[in-house]
Amino acid sequence: MCVLKLLLAIPTKFVGNMTIALAAIRAALDSGHDVTLLIDDNFTDLVRLAIGDEPRVISYPRRELAQGSTWVRAKHYLRFIWQLRRNKYDTALDLDGTVVSARLVGLVRAGVKMGPAFTSRTRTYQQLVPVNHLTQHCFDDYADMLRPLGILVPSVHYLNLPTSPEVPTVTKKLGLDASRPIAVIHPSASAGKEYKQWSLARFAELTNWLDGVGWQVVIVGAGSAEQVRVEQLLEQTAATVANACNQLSMTELAALCQAATVFVGNDSGPMHVATAAGCQIIALFGPSDSVRWNPKGPHVTVVRGVLPCGARCASELCDLSYQCMTSLTLKQVQAAVADLQVPFR
């Protein structure tokens, strides 16, 4: 086999996409090629937890480029460009296909640059890889992207995260009793995707019920918008709740999900992290495409509303006011909880 010096680029800003891509990254590392990763600096610790210290990592400094003076941001960018261009690669493979990833791969010194055929920046690449991104799971997109290099992703599930050493620290930090079942609730979705969210009133009812039947409930979230939503949820519930919003790093979230019995939440990045952590998942889906975004794990239950939407149901518009989500009932979620394996591990 010809060993390639391969740059694998996935500088996505979405933790869900990063988590989904971990199995493809593992397969590339196991292929025998000399692999360097280009990823967002927000996810370096998560990737290290999943993959270990084996690969070389170039971190795209998205956080640093969004703050500080123009001079400070310029220094961060120039340092990053130096790291990006210091080595030459046989092949640079862009798994992301976004404007940002295409621009960065365009700066890489590589004999061949490959990207997905659906990208809008086709001139960046010498080879475009066809993927059925409109009809298949994002996980399968990443697997398809590696196939021209002779790399196969052997699993149909997300890469399983190893047990985090932070599990005892996180449970102690949140005051959790490891002998009692833990339910992690994520009531939010990505910014600008509020249409994917189950109502706060229903989440409050679920929280009250779980607390009443003996579960420990932890509410998670990150960012100012999710903080507001969590605070509104807490105002509507009388349950005893551990509020972990903006309290956990990405690896601490994974550790919490490894300690938990179940994760209940909307289609979101933390849902994918919880799946990779091996937690039982109750995924609440409405207008999201579950074929493309359902969590791929062995312990997943997808719950949908009882009423379908019309032909036009998307982020911008729904003829029936997203009834595919608003008709999702508390009883449906309670039934999914009742079907869980408790204790889980």
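The following refers to the structure shown. (Residues numbered from 1 in each chain as written. Predicted model: local features only at pLDDT ≥ 70, side-chain atom pairs only at ≥ 80, totals over all residues. Heavy atoms only, no water.)

A short note on helix H1 (residues 15-30)
Where we set the bar: Secondary structure is summarised from DSSP: a helix means a run of H or I of at least four residues, a strand means a run of E of at least two, and numbering begins at the N terminus for each. The span one expects for a helix is its residue count, reduced by one, times 1.5 Å. One axis fitted to the seven residues ending at a residue, another fitted to the seven starting there: the angle between these axes is the bend at that residue. Each residue's exposure class comes from its accessible area (1.4 Å probe, protein chains only) as a fraction of the maximum for that residue type: buried when under 20%, exposed when over 50%, partly exposed otherwise.
Taking 1.5 Å per residue as the helical rise, H1 with its 16 residues ought to reach 22 Å, and the 23 Å between its terminal C-alpha atoms agrees with that figure. Of all the bends in H1, the greatest, near 35°, is centred on Leu-22. Judged by how many residues are buried, H1 sits mostly within the fold: 15 of 16 residues are covered. Just past H1, the residue Gly-32 takes up positive phi, approximately 95°.

A short note on the packing of aromatic side chains
This is how the line gets drawn: Only the six-membered ring of Trp is used, alongside the rings of Phe and Tyr, when aromatic pairs are assigned; centres must lie within 6.5 Å, and planes under 30 degrees apart are stacked while those over 60 apart are edge-to-face, with the rest tilted. The rule for a charge over a ring is simple: NZ of Lys or CZ of Arg within 6 Å of the ring centre, and within 35 degrees of the ring normal.
The tally for this structure, following the rule as stated, stands at four aromatic pairs. Note on Trp-198 and Phe-203: the rings are 5.1 Å apart at their centroids and 80° apart in plane angle, and the pair reads as edge-to-face. A relative accessible area of 0% means that Phe-203 is categorised as buried. Through successive ring pairs, a cluster of aromatic residues spans Tyr-60, Tyr-77 and Phe-80. Over the ring of Tyr-89 we find Lys-5; its NZ or CZ atom is 5.9 Å from the centre of that ring. One residue, Arg-292, lies across the ring of Trp-293, its end atom 5.4 Å from the ring centre.

A word on the sheet that holds strand E3 (residues 56-60)
We apply this condition: At least two bridges found by DSSP between two strands is the condition for calling them paired. Fitted lines through C-alpha atoms give the axes, limited to the stretch in contact for helices. The angle between two N-to-C directions lies from 0 to 180 degrees.
Strand order in the open sheet formed by six strands is E3-E2-E1-E4-E5-E6, with parallel pairing between adjacent strands. Each edge of the open sheet is held by one strand with a lone partner, namely E3 and strand E6 (127-129). Put simply, the sheet's adjacent strands are angled 25° from each other on average, direction ignored. Sheet topology places strand E1 (residues 5-10) next to strand E4 (residues 88-94); four bridges connect them, and they run parallel.

So, the sheet that holds strand E7 (residues 182-186)
The following threshold applies: A contact between two residues is defined here by any heavy atoms of the two lying within 4.5 Å.
Judged by pairing direction, the sheet is parallel, and its six strands sit side by side in the order E9-E8-E7-E10-E11-E12 without closing on themselves. Among the strands making up the open sheet, the edge pair consists of strand E9 (241-243) and strand E12 (300-304). Strand-to-strand, the axes of this sheet are offset by a mean angle of 20°, without reference to chain direction. Two strands pair when backbone bridges link them, and E7 and strand E8 (residues 216-219) are joined in this way by four bridges, in the parallel orientation. Opposite Ile-182, over in E8, you have Gln-216 as the bridge partner. Helix-sheet contacts for helix H9 (residues 224-235) involve E7, E8 and E9, and the interaxial angle to E9 is about 160°.

Structural notes on the packing of helix H8 (residues 200-212) against helix H14 (residues 330-338)
Put simply, the rule reads: A clockwise turn of the near helix away from the far one marks a right-handed crossing, whereas an anticlockwise turn of less than a right angle marks a left-handed crossing. Any residue outside Ala, Val, Leu, Ile, Met, Phe, Trp, Tyr, Cys, Pro, Asp, Glu, Lys and Arg is labelled polar, Gly included; the first ten of those are nonpolar and the last four are charged.
Between H8 and H14, the least distance of the axes is 10 Å, while the angle of their chain directions is 40°. Of the two elements, H8 crosses H14, and the hand of that crossing is right-handed. Contact residues: Arg-202, Glu-205, Leu-206, Trp-209 and Leu-210 in H8; Leu-330, Val-333, Gln-334 and Val-337 in H14. Across the contact of H8 with H14, the residue classes tally to six nonpolar, one polar and two charged.

Describing H9
Condition: The directions from the helix axis to the C-beta atoms form the arc being described.
A rise of 1.5 Å per residue sets the reference length of H9, with its twelve residues, at 16 Å; its end C-alpha atoms lie 17 Å apart and thus fit the reference within 8%. Regarding H9, the residues found buried are Glu-226, Gln-227, Arg-229, Val-230 and Leu-233. Across the axial projection of H9, the buried residues extend over an arc of 165°, all falling on one side. Residues Ser-224, Ala-225 and Glu-235 are exposed on H9 and point more than 90 degrees away from its buried face. Contacts made by the buried residues of H9 are with E7, H8, E8 and E9.

Concerning the pattern of salt bridges
Heads up, the condition is: Every case where a carboxyl oxygen of Asp or Glu lies within 4 Å of a side-chain nitrogen of Lys or Arg is listed as a salt bridge.
Under the criterion given, the structure shown has eight salt bridges. One salt bridge connects Arg-26 with Asp-30, and the closest N-O pair in it is separated by 3.0 Å. One end of the pair is Arg-26 and the other is Asp-30, both in helix H1 and four residues apart, which spans about a single turn. Residue classification places Arg-26 among the buried positions, given a relative accessible area of 19%. Among the ionic pairs, Asp-40 bridges to Arg-62, the shortest N-O distance being 2.3 Å. With Asp-40 in strand E2 (residues 34-40) and Arg-62 in helix H3 (residues 62-65), this residue pair connects regions lying 22 residues apart in the sequence. For Asp-40, a relative accessible area of 0% corresponds to the buried category. Here Arg-62 falls in the partly exposed class, since its relative accessible area comes to 22%.

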